[in-house]
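# Summary of the model geometry
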Amino acid sequence: ATGAIGEALASWVAPGDVVLLRGEAGAGKTTLVRAVARGLGIDGPITSPTFTLAQRYAGRLGLLHIDAYRLSGADDEELGLLLDGAADAVTFIEWPEALAAGLPEAAVTVDLEHLGGHRRLVRFSSDDPRAADLGRILDDLRARHIDDEPEPGPRP
């Protein structure tokens, strides 16, 4: 399901978009970025840039993946270095709270919550006028996969 959400998001994003990813460790932030990368035609391994801070990938649209987990903040110069080349790519930022003060406006914020086992709750929020299109894409995805959703309660 995360793969399908990522591919849907890949069909919506545009150059210069910033997508903020929030959620605890293990919630699926990097997994979602991998799915978006596949949707953008990016081959090869997509790894979490926890130690390198940022990775850039080439596809039909460039992908800049930033993981700010290890940062306690960034001044304008550091943030400028992290976001270098973001204008012609889509930028996904994990742990955006560490960079909040200087971040450009997000096209969408994705909150991922781990519900135990393989279950996740994914929430999208946006003030972008294009968000209605994303909502329609996600509604269609939900309608096609509603029977795939796990039953509530403990798994065997």
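Residues numbered from 1 in each chain as written. Predicted model: local features only at pLDDT ≥ 70, side-chain atom pairs only at ≥ 80, totals over all residues. Heavy atoms only, no water.

### What to know about the overall build of the chain
Scanning the chain from N- to C-terminus turns up four helices and six strands. Traced from its N-terminal end to its C-terminal end, the chain shows the element sequence α-β-α-β-β-α-β-β-β-α. Across the 156 residues of the chain, 38% fall into the buried class. Across the chain, every contact between residues at least 6 apart in sequence was considered, and the portion connecting residues at least 24 apart equals 62%. Put simply, the chain shows about 8600 Å² of open surface, and 51% of that area lies on carbon and sulfur atoms. (Helix = DSSP H or I, 4+ residues; strand = E, 2+ residues; numbered from the N terminus. Buried < 20%, exposed > 50% of the residue type's maximum accessible area, 1.4 Å probe, protein only. Contact = heavy atoms within 4.5 Å. Areas by Shrake-Rupley, 256 points an atom, 1.4 Å probe, with all protein chains shown as cover.)

### Focus on the sheet that holds strand β6 (residues 120-125)
Here six strands make up an open sheet; going across it, the order is β2-β3-β4-β1-β5-β6 and the pairing mixed. Of all the strands in the sheet, the pair left with one neighbour each is β2 (54-57) and β6. Here the average twist between neighbouring strands, direction ignored, is 15°. One ladder, built from six bridges, connects strand β3 (residues 62-67) with strand β4 (residues 89-94); its direction is parallel. The residue bridging Leu63 from the neighbouring strand is Val90, located in β4. The strands touched by helix α1 (residues 2-12) within the sheet are β4, β5 (108-114) and β6, with β6 carrying the most contacts at an inclination of about 15°. (Pairing = 2+ DSSP bridges. Axes fitted to C-alpha atoms, helices over the stretch in contact; angles between N-to-C directions.)

This is a description of form; function is not addressed.
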